[in-house]
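Each chain is listed here by its residues.
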Amino acid sequence: MFSRENFDKQQTTVLVVAAHPDDEVLGCGGAIAKHAQQGDNVHILILAEGATSRDEKRDRSHFQRELSALASAAKQASEILGSTSVSLKDFPDNRMDGCELLDIVKVIEDAVTHIHPQIVYTHHNGDVNIDHRRVHEAVITACRPKPGSSIKTLLFFEVPSSTEWRPPGSAPSFAPNWFVDISETLTLKLKALEAYSLEMCPYPHPRSIESVEYLARWRGSTVGVEAAEAFMLGRNLCL
């Protein structure tokens with residue numbers, strides 16, 4: 001269970017690395033808001049633009065309106081959650097498997113170098129979405145535990161309509177062993193998702209406001225609180 005005692009008593013710096021606009025809220029929006037309320041600095045890095053995969057060939061000019069709307073939604077969601085910054089990059093939506101892994105790693109390394117995070121949140125490596133898996137792999141490389149690294153805790157989140165859609169046995173299963181109590185910040189998470197109204201779907205789709213709330217309630221009930229976000233712990237260095 002997440003508690004302030006898990007980390008240094010001083011202000012903590014957090015980096016959230018997500019593939020697409022809305023992944024950061026779906027995966028750890030409640031934790032972002034909780035960190036912000038505790039006085040931590042939360043920086044959000046979104047790597048792919050999130051729209052051009054709807055056509056057979058990538059054509060940014062055809063999606064300028066959608067891309068602008070997504071950028072605005074990301075900034076609005078960030079403000080709702082109270083994060084310190086949000087940075088949007090330009091990797092191709094759902095085509096990151098066609099990018100050199102080193103190019104992705106270098107963007108994340110640059111953020112780590114400038115931000116010096118103690119905690120990093122990112123995707124689980126068993127998701128259906130190829131960009132999620134690619135980002136996971138890049139984060140693992142960029143956050144390798146070299147001497148002097150600022151990173152103490154590495155956590156992998158679930159994204160509704162991607163993590164649970166992976167059939168058992170086809171990839172590593174999401175088996176959470178780290179939970180953040182978001183009973184006090186679930187409302188902010190849902191409000192931030194409303195900023196992404198163009199990305200949300202009607203219930204019973206798992207990427208609906210109702211389903212996201214139900215998941216948070218279920219994750220909370222499994223650990224004895226009203227609402228929670230679930231994670232898999234990649235690494236935790238206790239000092």
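Check the entry above for the structure.
Presented here is an overview of the structure given in this document. For clarity, every value in this text was computed on a predicted model and none was experimentally measured.

1. Observations regarding the nonpolar core
Piece 1. Core analysis: the largest hydrophobic core is formed by 36 residues, its most contacted members being Val16, Cys28, Tyr121, Tyr196 and Phe231.
Piece 2. Apart from residues no more than four positions distant in its own chain, tyrosine 196 is found in contact with Pro21, Asp22, Glu24, Val25, Ile46, Leu70, Ala73, Ala74 and Ala77.
Piece 3. Val112, Val135, Leu154 and Phe156 belong to the second largest nonpolar core, which has 27 residues in total.

2. Remarks on the packing of helix 1 (residues 23-37) against helix 5 (residues 186-195)
Piece 1. Two elements in contact, helix 1 and helix 5, have axes separated by 8 Å at closest approach and are oriented at 125°. On the basis of the axis angle, helix 1 is oblique to helix 5. For helix 1 against helix 5, the interelement crossing comes out right-handed. Packed against helix 1, whose contacting residues are Val25, Leu26, Gly27, Gly29, Gly30, Ala33 and Gln37, the element helix 5 presents Leu188, Lys189, Ala192 and Leu193 at the interface.

3. Some remarks on the environment of cysteine 99
Piece 1. Considering the arrangement of structural elements, one finds cysteine 99 in the loop between strand 3 (85-91) and helix 3 (101-115).
Piece 2. Here the alpha-carbon distance between cysteine 99 and arginine 134, two residues 35 residues apart in the chain, equals 9.2 Å.
Piece 3. Every residue in contact with cysteine 99, bar those within four places of it in the chain, is listed here: Phe91, Pro92, Ile104 and Arg134.

4. Side note on the environment of arginine 95
Piece 1. Relative to the helices and strands, arginine 95 is located in the loop between strand 3 and helix 3.
Piece 2. In the structure, arginine 95 is positioned 36 residues away from aspartate 131 in sequence and 6.9 Å away in space, judged by C-alpha atoms.

5. Considerations on the pattern of salt bridges
Piece 1. The final tally for this structure, using the stated rule, is 5 salt bridges.
Piece 2. For arginine 144, the salt bridge is made with glutamate 109, and the minimal N-O distance between the two is 3.1 Å. Of this pair, arginine 144 sits in the loop between helix 4 (130-142) and strand 5 (153-157) while glutamate 109 sits in helix 3, placing them 35 residues apart in sequence.
Piece 3. Of the charged contacts in the structure, one is a salt bridge between arginine 219 and glutamate 158, with a shortest N-O distance of 2.9 Å. Taken together, the residues span a long stretch of sequence, with arginine 219 in helix 6 (residues 209-222) and glutamate 158 in the loop between strand 5 and strand 6 (178-181) at a distance of 61 residues. The same class applies to arginine 219 as to glutamate 158, namely buried.

6. What about the pairing of strand 7 (residues 228-236)?
Piece 1. Relative to strand 7, strand 5 runs antiparallel, the two being bridged by 5 bridges. Across the sheet, residue leucine 154 finds its bridge partner in strand 7, namely arginine 235.
Piece 2. Bridge count between strand 6 and strand 7: 4 bridges; the pairing is antiparallel. Its bridge partner being in strand 7, tryptophan 178 is matched across the sheet by phenylalanine 231.

7. Quick word on helix 1
An α-helical turn contains 3.6 residues, so a residue and the one three or four places further along point in the same direction.
Piece 1. For helix 1, with 15 residues, the first-to-last C-alpha span of 21 Å sits near the 21 Å given by 1.5 Å per residue.
Piece 2. Along its length, helix 1 reaches its greatest deviation from straightness, about 75°, at glycine 29.
Piece 3. In terms of burial, helix 1 is largely enclosed, as 13 of its 15 residues are buried.
Piece 4. Once helix 1 finishes, glycine 39 follows within two positions and takes phi at roughly 90°, a positive value.

8. Structural notes on the sheet that holds strand 6
Piece 1. Here we have 7 strands laid out as an open sheet, ordered 3-2-1-4-5-7-6, and mixed in their pairing. Only two strands of the sheet have a single neighbouring strand rather than two, namely strand 3 and strand 6. With strand direction ignored, the average angle separating the axes of adjacent strands in the sheet is 25°.
Piece 2. Across 6 bridges, the pairing between strand 1 (residues 13-18) and strand 2 (residues 41-48) is parallel. The residue bridging alanine 18 from the neighbouring strand is isoleucine 46, located in strand 2.
Piece 3. Strands strand 1, strand 2 and strand 3 of the sheet are contacted by helix 3, whose axis makes an angle of about 165° with strand 2.

9. Considering the packing of aromatic side chains
Piece 1. Here the structure, examined in full by the defined rule, presents 2 aromatic pairs.
Piece 2. Between tyrosine 121 and phenylalanine 231, the aromatic rings sit 5.2 Å apart at their centres with planes inclined by 55°, giving tilted as the arrangement. Taken as a pair, tyrosine 121 in strand 4 (residues 119-123) and phenylalanine 231 in strand 7 lie far apart in primary sequence, 110 residues in all. No difference in accessibility class separates tyrosine 121 from phenylalanine 231, as the two residues are buried.
Piece 3. Plain terms: the ring middles of tyrosine 203 and tyrosine 214 are 5.7 Å apart, the flat faces sit at 85° to each other, and that makes the pair edge-to-face. Of this pair, tyrosine 203 sits in the loop between helix 5 and helix 6 while tyrosine 214 sits in helix 6, and the two are 11 residues apart along the sequence.
Piece 4. A residue is classified by how much of its surface remains accessible, and tyrosine 203, at 46% relative accessible area, is partly exposed.
Piece 5. Tyrosine 214 sits in the partly exposed class, given a relative accessible area of 48%.

Calculation criteria
- For every chain, the first residue of its written sequence is number 1, and the numbers climb from 1 along that sequence.
- Confidence filtering applies because this is a predicted model: local features only for residues at pLDDT of at least 70, side-chain atom pairs given and counted only at 80 or more, and all residues used for totals across whole chains, interfaces and linings.
- As a rule here, side-chain values cover all heavy atoms of the structure and leave hydrogens and water aside.
- Among buried residues, those of type Ala, Val, Leu, Ile, Met, Phe, Trp, Tyr and Cys that are joined through side-chain atoms within 4.5 Å constitute a nonpolar core.
- Using a 1.4 Å probe on the protein chains alone, a residue whose accessible area is under 20% of its type maximum counts as buried, one over 50% counts as exposed, and one in between counts as partly exposed.
- Here, two residues are considered to be in contact whenever any of their heavy atoms come within 4.5 Å of each other.
- Angles shown run from 0 to 180 degrees and are taken between the N-to-C directions of axes, each axis being a line fitted to C-alpha atoms and, for helices, limited to the stretch in contact.
- Runs of E in the DSSP output that reach at least two residues are strands. Runs of H or I that reach at least four are helices, and both are numbered from the N terminus.
- The scheme is simple: roughly parallel for angles under 35 degrees, roughly antiparallel for over 145, roughly perpendicular for 65 to 115, oblique for anything else.
- Note on convention: near helix rotated counterclockwise from far helix by under a right angle means a left-handed crossing. Clockwise means right-handed.
- In the sections that follow, a salt bridge refers to a side-chain nitrogen of Lys or Arg positioned within 4 Å of a carboxyl oxygen of Asp or Glu.
- When DSSP finds at least two bridges between two strands, those strands are taken to pair.
- The span expected for a helix works out to 1.5 Å for each residue beyond the first.
- The reported bend at a residue is simply the angle between two axes, fitted to the 7 residues ending at it and to the 7 residues beginning with it.
- Any Phe, Tyr or Trp ring, taking Trp's six-membered ring, that has another such ring centre within 6.5 Å forms a pair; planes under 30 degrees apart are called stacked, those over 60 apart edge-to-face, and the others tilted.

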